[in-house]
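Read off the chains here:
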Amino acid sequence: TGIDGPTGATGPSGPTGFTGAAGPLGSAVGKLSAADFYALMPGDNTSNIAPGVDVQFPNDGPFSGSDITRLGPSTFNLAAIGIYQVIFQVSISEAGQLEVTLNLAPLPYTVVGRATGTSQIFGVCFYYVFKTT
């Protein structure tokens with residue numbers, strides 16, 4: 001048997017094959033949890049709430065998921081790592097100021113208020129949970 005000769009030129013490409021079946025649907029990148037807690041007034045809170053006393057939202061509204069749960073009438077648990085948006089609205093009949101607290105510590109960037117009464121105090125803030133216990 002003699003030595004191998006040089007490799008010849010590459011031949012033309014063959015015809016394109018059939019398209020395969022679609023793969024399974026991928027999962028969502030994140031998930032959405034939401035919860036609504038509210039108070040009926042009068043009845044669920046005293047007519048005058050003293051400074052430093054929590055406003056209570058003792059009633060459960062619609063919810064989705066299980067990452068936000070009630071611990072008491074004015075305390076809630078954020079169970080998963082994520083970004084949480086907190087929206088609150090309270091009717092007032094005199095000057096007032098509200099803020100969100102986290103683990104009993106006030107969050108200064110959440111302070112909202114009114115210098116006059118008979119109106120609504122409305123606030124929106126975001127909180128980032130980086131680690132859960």
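Higher on the page you've got the structure.
This one's a predicted model, so the numbers in the text were calculated from it and none came from an experiment. (Residues numbered from 1 in each chain as written. Predicted model: local features only at pLDDT ≥ 70, side-chain atom pairs only at ≥ 80, totals over all residues. Heavy atoms only, no water.)

## Details of the pattern of salt bridges
A side chain of one charge can pair with a side chain of the opposite charge if their charged atoms are brought near each other. Evaluation of the coordinates by the stated rule reveals one salt bridge. We note a salt bridge from Asp60 to Arg70, for which the minimum N-O separation is 2.8 Å. With Asp60 in strand 2 (residues 59-64) and Arg70 in strand 3 (residues 68-70), the pair connects residues that are ten residues apart, well separated along the chain. (Salt bridge = Lys/Arg side-chain N within 4 Å of Asp/Glu carboxyl O. Helix = DSSP H or I, 4+ residues; strand = E, 2+ residues; numbered from the N terminus.)

## As for the side chain of Thr110
Structurally, Thr110 can be placed in the loop between strand 8 (105-106) and strand 9 (112-114). On the accessibility criterion, Thr110 (3% relative accessible area) is buried. Among the polar contacts made by the side chain of Thr110, one reaches the main-chain amide nitrogen of Val100 at a distance of 2.8 Å. With residues up to four places along the chain from it excluded, the contact list for Thr110 reads Phe88, Leu98, Glu99, Val100 and Cys125. (Buried < 20%, exposed > 50% of the residue type's maximum accessible area, 1.4 Å probe, protein only. Polar contact = N/O pair within 3.5 Å; in protein donor to acceptor, adjacent residues only side chain to side chain. Contact = heavy atoms within 4.5 Å.)

## Observations regarding the nonpolar core
Core analysis: the largest hydrophobic core is formed by 15 residues, its most contacted members being Val55, Phe57, Tyr84, Val90, Leu98 and Val100. When contributions to this core are tallied by element, the ones reaching two or more residues are strand 5 (82-92) and strand 10 (119-129). Considering each element in turn, this core owes the most residues, four residues, to strand 5. Once residues within four sequence positions are removed from consideration, Tyr84 is found in contact with Asp67, Ile68, Leu78, Ala79, Cys125, Phe126, Tyr127 and Val129. (Core = buried A, V, L, I, M, F, W, Y, C linked by side-chain atoms within 4.5 Å.)

## Some points on a nonpolar patch on the surface
Residues Ile83, Ile87, Phe122, Val124, Phe126, Tyr128 and Phe130 make up a contiguous nonpolar surface patch of roughly 790 Å² in combined accessible area. Put simply, the parts of the chain that give the nonpolar patch at least two residues each are strand 5 and strand 10. Looking at the nonpolar patch element by element, the count peaks at four residues for strand 10. For Val124, the location among the structural elements is in strand 10. (Patch = residues over 30% accessible without salt bridge, like charges linked within 9 Å, V, L, I, M, F, W, Y side chains within 5 Å. Areas by Shrake-Rupley, 256 points an atom, 1.4 Å probe, with all protein chains shown as cover.)

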